[in-house]
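As a plain string of letters, each chain reads:
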Amino acid sequence: MVTQRTPIVAALASIGAVASAASCDALVGLDEPKVDADASAAGNSDAGSTLTVRVAPAVDYAEELGPPLSGAQVALDAPGGQRIEQFTGPDGSTTFSGIDWSLGGSAAVTVYHPGYALRTEEGLGPTANLSIAVYGRGPDPFGPEVTISGPITGVVSPTDYAYVTASAPLATTYVGVATRYSLQVGKATPFSLIAVDLIAGDDASVMPRAYGGGTFVQWRRYDEPAESDDVTIGIDFEAGVALTPTTHVMGSIVLPKDDAGSFAASSPSLRVTTRESALNLYLGGPTQLDVSGDGGSFVYAASYVAFPGSHPLTIATLTTMDGQSSSQVLPDYPQQGQTIDGFLLPQHLGTVSAFDAAIPIEPATAGASRTRVYLVDADTNDLLWVVGVPPTATHVFFPPLPSGVVQSVAIPAGTLSAYATTSNCPQIIEAGAFACPQSAQGYTVLVPQP
């Protein structure tokens, strides 16, 4: 049995969104800092000498802002090196005055609030307003959740596998033998379960990969009310709403041309999901997936089912042997003859000996809009700090902690992991819309604490 929770960094890399081991799930980077339209972080000399920072919890991986967060400590590292610290008021905002942008250089803003991961945005130019979403500290920043579990019956063969997902955002996934499942969904949120009875396929020449192809035997949908406590819900493939798949959709996934050639040996995955589920719902994938004759792409045949009232997305992900990944998100269901290409190349992080050292980073490839570096406790997978830098950055800096913040509390002793995620969001996120068609995750850097 595998109960899959997408790691926090993975989810952020791939929605705002990194591939999960069981199903190569991927979400795409939607975590641009939100600035006003008249004074962008790219630079506007008319932005004035004030900067208003609004802070709110992120309610999903796309960084939709929740209620204002009062009492957040905001540190501004202004041009010229001055540090100013203030707290947000009841409206979740604070305004810094007297900023002299003519001193040159860029500014950085760091936000801290107990119970939340630190958040820093670096490389800011003259900007009048900045909205920053902070994530709950820990491996699951959005709870609370309830556990949905139960027996699986009605499969065609006792050797079949089951893939069970929920339409609720931020839910977990079950992939395993078709006997009993367990997953989590958000408390007090109505949801649908999508279950598929499948026969795992032969991985053929593109090993290793978690799931490359197979036979989808039967699909079912079960619409459920909101639950406030753990509950048992059986999956019976002789009940529920039977779904008829669209089958034999053919296409190809073209490898990026990277100098190192690491993607030549990468493993592909394809999945169909929905925007509303924050890319959690599984609606289909490959029935066949193999290397093309010239070795420059992967060819696939896919099957999928429709989910009513949703915005479907097709996600292709390439994962290298050393853990780098690159994803493409396309609107709609898979299209016949579709070619998926143009993957972003990941940025490489250098190795450092302490979390507060300057981490070397390769400049992003053309088309990238922003890079995020996530600092994670390697033992607990707790998200500790998110730092955003411009795509041209050559180093990532973890600035001094805001005054009064105890280092041992904010950054516990032990081994930390740093991940670089690049995305090419072409615009500020529209309400409920995914604006980032590409993302890539770079190397993991182990940072032992002194």
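As a reminder, the structure under discussion sits directly above these lines.
The structure reproduced in this document is the subject of the present report. (Residues numbered from 1 in each chain as written. Predicted model: local features only at pLDDT ≥ 70, side-chain atom pairs only at ≥ 80, totals over all residues. Heavy atoms only, no water.)

1. Quick word on the overall build of the protein
Stated precisely, the cut-off is as follows: Numbered from the N terminus, helices here are DSSP runs of H or I no shorter than four residues, and strands are runs of E no shorter than two. The rule is simple: take the accessible area with a 1.4 Å probe, protein chains only, and divide by the maximum for that residue type; under 20% is buried, over 50% is exposed, in between is partly exposed. For the area figures, the Shrake-Rupley method with a 1.4 Å probe applies, and any residue is considered shielded solely by the protein chains shown.
Regarding its fold elements, the protein presents two helices and 31 strands. Classification of the 450 residues of the protein by burial places 57% in the buried group. Taken as a whole, the protein presents about 16,900 Å² of accessible surface, with 54% of it coming from carbon and sulfur.

2. Quick look at the packing of aromatic side chains
Rules: Paired rings are identified among Phe, Tyr and Trp, the last through its six-membered ring, by centres lying within 6.5 Å, and are further divided according to the angle between planes into stacked (under 30 degrees), edge-to-face (over 60) and tilted (the rest).
This structure, assessed with the given rule, holds five aromatic pairs. Taking 4.8 Å as the distance between ring centres and 10 degrees as the angle between the ring planes, the aromatic pair formed by Tyr 304 and Tyr 333 counts as stacked. Of this pair, Tyr 304 sits in strand β22 (residues 297-304) while Tyr 333 sits in the loop between β24 (325-331) and β25 (338-340); the two residues are 29 residues apart in sequence, bridging distant segments of the chain. Each member of the pair Tyr 304 and Tyr 333 is classed as buried. Of the aromatic side chains, those joined through ring pairs into one cluster are Tyr 163, Phe 216, Trp 219 and Tyr 282.

3. Looking at unusual backbone geometry
The residue Ala 188 is not glycine, and still its phi comes out positive at about 60 degrees. Relative to the helices and strands, Ala 188 is located in the loop between β13 (180-186) and β14 (191-200). If you check the backbone angles, Asn 381 has positive phi at about 65 degrees while not being a glycine. With respect to the helices, strands and loops of the structure, Asn 381 is situated in the loop between β27 (370-377) and β28 (383-389).

4. A look at the side chain of Thr 120
Applicable threshold: What qualifies as a polar contact is a pair of N or O atoms within 3.5 Å, subject to a donor-acceptor requirement within protein and to the restriction that residues adjacent in sequence count only when both atoms come from side chains. What makes two residues a contact is simply this: any of their non-hydrogen atoms within 4.5 Å.
Along the chain, Thr 120 turns up in strand β8 (residues 118-124). A distance of 2.9 Å separates the side chain of Thr 120 from the side chain of Thr 110, its partner in a polar contact. Contacts of Thr 120, omitting those with residues within four sequence positions, involve Val 109, Thr 110, Trp 385, Val 386, Val 387, Gly 388 and Pro 399.

5. A short note on the pairing of strand β31 (residues 438-448)
Side-chain direction in a regular strand flips from residue to residue, so the side chains alternate between the two faces of the sheet. Our working rule: Pairing between strands is defined by DSSP: at least two bridges between them are needed.
When β24 meets β31, the two strands line up antiparallel, connected through four bridges. Along β31, the bridge assignment pairs Ser 326 with Ala 440. Both strand β30 (residues 415-423) and β31 contribute to a ladder of eight bridges, which runs antiparallel. Opposite Leu 416, over in β31, you have Val 447 as the bridge partner.

6. What about the nonpolar core?
This is how it is decided: Here the nonpolar core consists of buried residues drawn from Ala, Val, Leu, Ile, Met, Phe, Trp, Tyr and Cys, with membership extended through side-chain atoms lying within 4.5 Å.
Ranked by size, the top nonpolar core spans 25 residues in total, and within it Leu 349, Phe 355, Leu 375, Trp 385, Phe 398 and Ile 411 carry the most contacts. The next biggest cluster of nonpolar side chains, apart from the first, holds 20 residues, and it includes Ala 162, Val 185, Phe 191 and Leu 193.

7. Observations regarding a nonpolar patch on the surface
So the rule is basically this: Note on patches: the residues involved have over 30% relative accessible area and no salt bridge, like charges join within 9 Å, and the nonpolar side chains Val, Leu, Ile, Met, Phe, Trp and Tyr join within 5 Å. When a carboxyl oxygen of Asp or Glu is within 4 Å of a side-chain nitrogen of Lys or Arg, the pair counts as a salt bridge.
On the surface, Val 156, Ile 199 and Val 217 cluster together to form a nonpolar patch covering roughly 240 Å² of accessible area. Note on placement: Val 156 falls in the loop between β10 (145-153) and β11 (161-166).

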